[in-house]
Amino acid sequence: PGLSQEPSLYEERHLRYINLLGKGNFGSVELCRYDPLGDNTGELVAVKKLQPNKQSNMAEFQREIHTISSLHCENIVKYLGVCYSMGRLNMSLVMEYLPNGSLVSYLEKNRQNVNSKRLLLFASQICKGMEYLQSMRYVHRDLAARNILVASETLVKIADFGLTKIIPFDKEYYRVTHPGESPIFWYAPESITEFKFSHKSDVWSFGIVLHELFSYCEHKQNPKKVSMIGNDMQSPSIAMHLVNILKENWRLPAPLHCPPRVYAMMLNCWAYNSEDRPSFSSLGEQIKTYIQDDRE
Ligand SMILES: CCc1cc(O)ccc1-c1ccc2c(C(=O)Nc3ccc(C)nc3)n[nH]c2c1
């Protein structure tokens, strides 16, 4: 497919399946090689197939495609094009393939040689990507380490815009009609109680991602992962319990060896009232100074 701005069209017959990369909430992501010459020299791509039977998702899927085809930022996974199959009944989204997988698996595997300076570099890149999304009036709504992909040992990108919503021009937030699919521990209080999502609720989630980064996404270090098992954790009573302890100022404890000023930044992101939370631009500035004078 050419470099035209038009959505690039991938022909299904040249899209060779290699293996499954992961199962998301709107379909599965597969590793494929787009190999029109048939000589295995084609590019590796990540392909998300829409579940064929869920026609209702087709509209959602079209919106996801419209959303990500308009994003151009080095800290956001690149949109490559679409592939139609079965006439135009089925649709697949084609994205750049990042060979190192998600931040969760990367940190678990490379814990030894990732120091706090590198964690701060990753945090600043996620911040830059979120700042860009905000400038486009997009709210990600599912910012979590599982949705950050590792391009190289010095570059991470924000991925999975299945839940991304555009904020209406006359409002500061987006209200969804149904409780989200994603685990409540990444949600800001107002997202749990009023289904309200805004740039400031993305900032709350960014605080959780900081916690994941500095605990190297270790399960035992943070309750939120452990208690995700079994979806009884999504029951309303648990959600209200979480909101109540957040109201009483309970927060996740600092990860082991986490620099105090980084934990202070997390706590700022977890201000109960959304307007008391910092902006992504001020967080980005703060992290940049920490990287400069990081002794490590
Ligand atoms: C196409 C779905 C999608 C939709 C969207 O809106 C934004 C990003 C993506 C996406 C999701 C996953 C990936 C991946 C990967 O999962 N890579 C890997 C590499 C190695 C290992 C072990 N695991 C995994 N690469 N590019 C990806 C793009």
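This text follows the structure it describes.
Let us look at the structure shown here. Position numbers for residues count from 1 along each chain, tracking the sequence in the order it is written. Confidence filtering applies because this is a predicted model: local features only for residues at pLDDT of at least 70, side-chain atom pairs given and counted only at 80 or more, and all residues used for totals across whole chains, interfaces and linings. As a rule here, side-chain values cover all heavy atoms of the structure and leave hydrogens and water aside.

Structural notes on unusual backbone geometry
Condition: Under the scheme used here, helices are H or I runs from DSSP no shorter than 4 residues and strands are E runs no shorter than 2 residues, and both carry numbers assigned from the N terminus. Remark: exposure states derive from per-residue accessible area (1.4 Å probe, protein chains only) relative to the maximum for the residue type, with buried under 20%, exposed over 50%, and partly exposed in between.
In the Ramachandran plot, Arg137 falls in the positive-phi region, its phi being about 65° despite a non-glycine side chain. In this fold, Arg137 is placed in the loop between helix 3 (116-135) and strand 7 (138-139). Overall, the relative accessible area of 31% leaves Arg137 in the partly exposed class. Of note in the backbone geometry, Cys217 takes a positive phi value of approximately 55° without being a glycine. As for its placement among the helices and strands, Cys217 is situated in the loop between helix 5 (199-214) and helix 6 (223-226).

Describing the site of the ligand
Condition: The near set for a molecule or strand comprises every residue that places at least one heavy atom within 4 Å of it. Contacts described as polar in this section are N or O atom pairs within 3.5 Å, which, within protein, must combine one atom able to donate a hydrogen with one able to accept it, while residues neighboring in sequence count only if both atoms come from side chains. Residue burial considers only the protein chains on display, and all accessible areas are found by Shrake-Rupley using a 1.4 Å probe. The nonpolar class holds Ala, Val, Leu, Ile, Met, Phe, Trp, Tyr, Cys and Pro. Asp, Glu, Lys and Arg form the charged class, and all remaining residues, Gly among them, are polar.
In the vicinity of the ligand lie 18 residues, with Glu64, Glu96, Leu98, Asp160 and Phe161 positioned nearest. Between the ligand and Glu96 there is a distance of 2.9 Å, counted from a nitrogen atom to a backbone nitrogen or oxygen. The separation between a nitrogen atom of the ligand and a polar main-chain atom of Leu98 is 2.9 Å. Considered on its own, the ligand offers 600 Å² of accessible surface; in the complex 85% of this is hidden by protein. When contributions to the shell around the ligand are tallied by element, the ones reaching two or more residues are strand 4 (43-49), helix 1 (55-69) and strand 6 (90-96). Top element by residues in the shell around the ligand is strand 6. It accounts for 3 residues. Within the shell around the ligand, the residues separate by chemical class into 13 nonpolar, 1 polar and 4 charged.

Quick look at the packing of helix 8 (residues 260-269) against helix 9 (residues 280-292)
The angle between the axes and the distance between the axes are what describe a pair of packed helices. Which entries qualify depends on this criterion: Axis definition: a line fitted to C-alpha atoms, over the contacting stretch in the case of helices. Angles run 0 to 180 degrees between N-to-C directions. Orientation is classified from the angle alone, with under 35 degrees giving roughly parallel, over 145 giving roughly antiparallel, 65 to 115 giving roughly perpendicular, and any other angle giving oblique. Should any heavy atoms of two residues lie within 4.5 Å, those residues are counted as being in contact.
Running from amino to carboxyl end, helix 8 crosses helix 9 at an angle of 175°, the nearest separation of the two axes being 12 Å. Taken together, the axes of helix 8 and helix 9 lie roughly antiparallel to each other. Judged by residue contacts, Arg261, Met265 and Cys269 of helix 8 engage Leu283, Gln286, Ile287 and Tyr290 from helix 9. Of the residues in the contact of helix 8 with helix 9, the class split is 5 nonpolar, 1 polar and 1 charged.

Remarks on empty space enclosed by the protein
Formally: Cavities and pockets are found on a 1 Å grid laid over the protein atoms alone: a cavity is a set of points where a 1.4 Å probe fits but cannot escape, a pocket is an open set with protein on both sides within 12 Å along at least five of seven lines, and a lining residue has an atom within 4 Å of such a point. Grid points are joined across faces, edges and corners, and a volume is the space filled by probe spheres set on the points.
Within this structure, the stated rule accounts for 3 cavities of 30 Å³ or more. Volume-wise, the largest cavity comes out at about 100 Å³. Lining the largest cavity are Ile184, Phe185, Tyr187, Trp204, Ile208, Leu242, Leu246, Trp250, Arg251, Leu252 and Trp270. For the lining of the largest cavity, the elements supplying multiple residues, two or more each, are helix 5 and helix 7 (236-247). Split by residue class, the lining of the largest cavity holds 10 nonpolar, no polar and 1 charged.

Focus on the nonpolar core
The following threshold applies: Only buried Ala, Val, Leu, Ile, Met, Phe, Trp, Tyr and Cys residues count toward a nonpolar core, and they belong to the same one when joined by side-chain atoms within 4.5 Å.
Formed by 75 residues in total, the largest nonpolar core has its most connected members in Leu103, Leu107, Ile126, Phe206, Leu213 and Phe214. Ranked by residues supplied to this core, first place goes to helix 3 with 9 residues. Contacts of Ile126, omitting those with residues within four sequence positions, involve Leu103, Leu143, Ile148, Val156, Ile158, Phe206, Val209 and Leu213. If you look at the next biggest cluster of nonpolar residues, it comprises 9 residues, including Leu15, Cys32, Val45 and Leu80.

Considering the pairing of strand 6
Stated precisely, the cut-off is as follows: Think of it this way: DSSP has to see at least two bridges between two strands before they count as a pair.
Of all 7 residues that make up strand 6, 7 are buried, and the element is covered over most of its length. Judged from the 5 bridges that link them, strand 4 and strand 6 form a sheet pairing that is antiparallel. Across the sheet, residue Val47 finds its bridge partner in strand 6, namely Val94. Sheet topology places strand 5 (residues 79-85) next to strand 6; 6 bridges connect them, and they run antiparallel. Paired with Ser85 across the bridge in strand 6 is Asn90. Where strand 5 folds back on strand 6, the antiparallel hairpin that results is connected by 4 residues, among which Met86 adopts a positive phi of roughly 50°.

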